[in-house]
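Breakdown of the fold
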Amino acid sequence: MSDREIRREGGPDRGRYALDLGGGAEAELTWVARGDTRIATHTGVPRAFEGRGHAAALVAAMVEDAKSEGFRIVPACSYVALWARRHPEAATHFV
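The structure presented is a predicted model; accordingly, all values stated were derived computationally and were not measured.

Cut-offs and rules
Residues numbered from 1 in each chain as written. Predicted model: local features only at pLDDT ≥ 70, side-chain atom pairs only at ≥ 80, totals over all residues. Heavy atoms only, no water. Buried < 20%, exposed > 50% of the residue type's maximum accessible area, 1.4 Å probe, protein only. Helix = DSSP H or I, 4+ residues; strand = E, 2+ residues; numbered from the N terminus. Arc of directions from axis to C-beta. Contact = heavy atoms within 4.5 Å. Core = buried A, V, L, I, M, F, W, Y, C linked by side-chain atoms within 4.5 Å. Expected span 1.5 Å × (residues − 1). Pairing = 2+ DSSP bridges.

Some points on helix α2 (residues 78–86)
Note that an α-helix has 3.6 residues per turn; residues three or four places apart therefore point the same way. Turning to α2, its buried residues number three or more, namely V80, A81, W83 and A84. Taken down its axis, α2 places every buried residue within 160° of arc, on the same side. Exposed side of α2, more than 90 degrees from the buried face: S78, R85 and R86 are the residues found there. Along its buried surface, α2 packs onto β3 (25–34), β4 (37–44), α1 (54–69) and β5 (72–75).

Details of the nonpolar core
For soluble globular proteins, nonpolar side chains are generally found buried alongside one another. Among the nonpolar cores identified, the biggest contains 26 residues, and Y17, L29, M62, V63, I73, V80 and F94 are the most heavily contacted of them. For this core, the secondary-structure elements that each account for two or more residues are β2 (14–22), β3, α1 and α2. At seven residues, α1 tops the list of elements feeding residues into this core. Each residue touching M62, except ones within four places of it in the same chain, is listed here: Y17, L29, W31, R38, A40, F71 and I73.

Examining α1
Given a rise of 1.5 Å per residue, 16 residues ought to cover 22 Å, and the 23 Å separating the end C-alpha atoms of α1 matches this to within 8%. Within α1, burial applies to H54, A55, A57, L58, V59, A61, M62, V63, D65 and A66. Residues of α1 that are buried in the fold lie against β1 (6–10), β2, β3, β4, β5 and α2. Looking at the residues trailing α1, positive phi occurs at G70, about 80°.

Brief notes about the pairing of β3
Most of β3 sits inside the fold, with seven of its ten residues counted as buried. Two elements, β2 and β3, share eight bridges in a ladder whose sense is antiparallel. Counted as the bridge partner of D20 is E26 from β3. Linkage of β2 to β3, two consecutive antiparallel strands, is achieved through a turn of two residues, within which G23 is found at a positive phi near 65°. The pairing of β3 with β4 spans seven bridges and is classified as antiparallel. Residue pairing across strands places T30 opposite H42, the latter belonging to β4. Linking β3 back to β4 in an antiparallel pair, the connection comprises two residues, with G35 at a positive phi of about 60°.

Below, the structure is given as structure tokens:
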């Protein structure tokens, strides 16, 4: 898991966290900004790559950015909401 290189793409209003999985496949977490929050709208991992922790790594990257940049995350995506429930230590970064 330590060899994953997650890219943050986009601008101040919307963007995504993306992870190259090889062979042109990507995992992604998309978001839109509303004030001092980022609404996590979708997390997607191609079926052939599911169950390997890719989605969790994307959410963790967003949480790290929330810590360093001071925004809070609205988990509109069901996976992000599940991740937040499983990681109570990160609760201060979620709305």
